[in-house]
Amino acid sequence: MQICGGFRIGDNSLVGRDLPVPGVLASRWDLDPNIVFLNHGSFGAAPRAVREEQNRIRESLESEPVRFFERRYQVLLDRARERLAEFVGASPGNLVFVANATTGVNTVLRSLDLRSGDELLTTNHEYNACRNALAEAARASGASVVVAEVPYPLSSDDEVLDAVLDLVTPRTRLLLVDHVTSQTGLVLPVASLVREAQLSGVDVLVDGAHAPGMVELNLEKLGAAYYTANCHKWLCAPKGVGFLYVREDLRSSVRPLVISHGANVAAVRRSRFHLEHDWTGTHDPSAWLSVPAAIAEVESMAAGGWSEVRLRNHEMALAARELLCEALGADNACPDGMVGSMATVALPDSDGGEKTDAFSRDALQDALYREWAIEVPVIPWPSPPGRLVRISAQLYNSRGQYEYLAEALRAETISK
């Protein structure tokens, strides 16, 4: 019998209990049936049809690489960009593909002309990798990083706006803010933050890593200076595809992290922005070119298309949060409107073995995986020994899976 991830395929005896049945749409994915997968938010999961399309693209590439890259690639890339731009409400001219949102954040920060005394504003909820990118940009330029302490739990958007906007000064060069926070799962009021910050002359870089596919987007209407996001999470594209949006008036100032042929090619039929970012060297572009397939595949899973997908996942996340709050005796940490397709619930403080950095795991997270076959993150907040459990809700999940998690958490925390 095949072994995968410590479990025998088709045999749940290693955890000594029957696992809950996933959602009916789980058949469209190839997730391990011996794992209760409640962590779509970390890396996403591409449906089978999307991976098949990626494989078809790879086969086309490898069958004649010169033909693919020199005669077909640009047309295919433009088509993929146009479909993605339509989905996120952007002009294709303002959009380029990148490997992931972290790459997008670094691209913008490296393109800014920062000087000593400048301030880079962010929040205490910002993703660790992007906080590190801010710190490096500040170190190299003599600027400083200013961190707004957004409370959590919180009761309204106003608490976010007050915490951030109160720290805007004449020295603030950039506001970096999550659209959906990774650690706490909050949908932040980015439209209000962008509007108010730009009234003070501050450009905003929105880290939208989780947003496409979770919340409706219209980037041109939002009007942020910069917006970067992943397509491999809630859009369900393959790994290695994200995008960077740059408002038209700023496009000429944003250079890719890798300088290549586009730097001195005449910008006749294509903008310099596209010439530089579309080709930074030979790589496998199949994930980028699979984005239209991902959009179409997930859209086909609900009669109401993406609007219904987002609503289903939102309602499932709220229901799961209620189950966990009841099981743990916890309170809701934010209004329903600040929940997208993820939610977090406070856990009892750790008594040791907690997660201490980006590459470690809390002992409880390992116990849930080892003893219960549950994949779900346990996140330190605001710092150890405080911690949260963060659940994701995707179409392949079921209520029974969250009930099972609630049972496991009661057994692993309250009863011990």
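A. A look at the packing of aromatic side chains. Going through the model one piece at a time under the given rule, you end up with eleven aromatic pairs. Between the aromatic rings of Tyr-73 and Trp-279, the centroid separation amounts to 5.9 Å while the plane-to-plane angle is 70°, which identifies the pairing as edge-to-face. Here Trp-279 lies in the loop between helix H9 (272-278) and helix H10 (286-289) and Tyr-73 lies in helix H3 (residues 65-88), a separation of 206 residues in the sequence. Assessed through its relative accessible area of 21%, Trp-279 is described here as partly exposed. Ring plane angle 10° and centroid distance 6.3 Å describe the contact between Tyr-227 and Phe-243, whose orientation is recorded as stacked. You can see Tyr-227 sitting in strand S9 (residues 226-230) and its partner Phe-243 sitting in strand S10 (residues 242-246), a full 16 residues away along the chain. Of the two residues, Tyr-227 and Phe-243, neither departs from the other in class, the shared state being buried. Taken together through their ring pairs, the aromatic side chains of Phe-68, Phe-69, Tyr-73 and Trp-279 make up a single cluster. Here the basic side chain of Arg-17 rests over the ring of Trp-372, its NZ or CZ set 3.7 Å away from the ring centre.

B. Summary view of the pattern of salt bridges. Inspection of every chain in the model, using the stated rule, returns 24 salt bridges. For Arg-270, the salt bridge goes to Asp-78, with nearest N and O atoms at 2.7 Å. Residue Arg-270 is located in the loop between S10 and H9, and its partner Asp-78 is located in helix H3; the two are separated by 192 residues in the primary sequence. Each of Asp-78, Arg-81, Arg-270 and Asp-278 takes part in a single network of salt bridges with overlapping partners.

C. Region of interest: the confidence of the model for the chain. The pLDDT averaged across the chain works out to 94; a share of 94% of its residues lies at or above 70. Low pLDDT, under 50, characterises residues 1-13; the stretch is placed with 26 contacts to residues that sit more than four places away or in other chains.

D. Fine view of the environment of Leu-311. Positionally, Leu-311 belongs in helix H12 (residues 305-328). Taking relative accessible area as the criterion, Leu-311 reaches 45% and is therefore assigned partly exposed. Along the primary structure Leu-311 and Ser-341 are separated by 30 residues, whereas in three dimensions their C-alpha atoms are 8.7 Å apart.

E. Quick look at the packing of helix H6 (residues 157-165) against helix H7 (residues 190-199). With their axes 10 Å apart at the nearest point, H6 and H7 run at an angle of 30° to one another. Viewed along their axes, H6 and H7 adopt a mutual orientation that is roughly parallel. The handedness of the crossing between H6 and H7 comes out as right-handed. For the pair H6 and H7, contact is made by Val-160, Leu-161, Val-164 and Leu-165 and by Ser-192, Leu-193, Glu-196 and Ala-197, respectively.

F. Representation of the packing of H12 against helix H14 (residues 399-414). Two elements in contact, H12 and H14, have axes whose closest approach is 9 Å; the angle formed by their N-to-C orientations is 25°. One way to sum up the angle between H12 and H14 is to call them roughly parallel. As for the relative orientation of H12 and H14, their crossing is right-handed in sense. For the pair formed by H12 and H14, the contact residues are Met-316, Ala-319, Ala-320, Leu-323, Leu-324, Ala-327 and Leu-328 on the first element and Arg-399, Tyr-402, Glu-403, Leu-405, Ala-406, Leu-409, Arg-410, Thr-413 and Ile-414 on the second. Split into classes, the residues belonging to the contact of H12 with H14 amount to twelve nonpolar, one polar and three charged.

Parameters at a glance
- Sequence order as written defines residue numbering, which begins from 1 separately in each chain.
- Residue-level local features of this predicted model are given only where pLDDT is at least 70; pairs of side-chain atoms are given and counted only at 80 or more, and the full residue set underlies all totals for whole chains, interfaces and linings.
- Excluding hydrogens and water, the side-chain figures rest on all heavy atoms present in the structure.
- Side-chain rings of Phe, Tyr and Trp (the six-membered ring for Trp) are treated as a pair once their centres are within 6.5 Å; stacked means planes under 30 degrees apart, edge-to-face means over 60, and tilted covers the remaining angles.
- The helix count covers DSSP runs of H or I at least four residues long, the strand count covers runs of E at least two residues long, and both are numbered beginning at the N terminus.
- Between buried and exposed lies partly exposed: a residue is buried under 20% and exposed over 50% of the maximum accessible area for its type, with that area taken using a 1.4 Å probe on protein chains only.
- Only lysine NZ and arginine CZ atoms are considered, and such an atom sits over a ring when it is within 6 Å of the ring centre and within 35 degrees of the ring normal.
- Salt bridges are defined as contacts in which a side-chain nitrogen from Lys or Arg sits within 4 Å of a carboxyl oxygen from Asp or Glu.
- Known as pLDDT, the predictor's per-residue confidence is scaled from 0 to 100.
- By definition, residues are in contact when any of their heavy atoms lie within 4.5 Å.
- Axis definition: a line fitted to C-alpha atoms, limited for helices to the stretch in contact. Angles are taken between N-to-C directions and run from 0 to 180 degrees.
- Roughly parallel covers angles under 35 degrees, roughly antiparallel covers those over 145, roughly perpendicular covers 65 to 115, and oblique covers all other angles.
- Two helices that cross are described as forming a left-handed crossing if the nearer one is turned anticlockwise from the farther one by less than a right angle, and a right-handed crossing if clockwise.
- Polar here means any residue other than Ala, Val, Leu, Ile, Met, Phe, Trp, Tyr, Cys and Pro, which are nonpolar, and Asp, Glu, Lys and Arg, which are charged; Gly is therefore polar.

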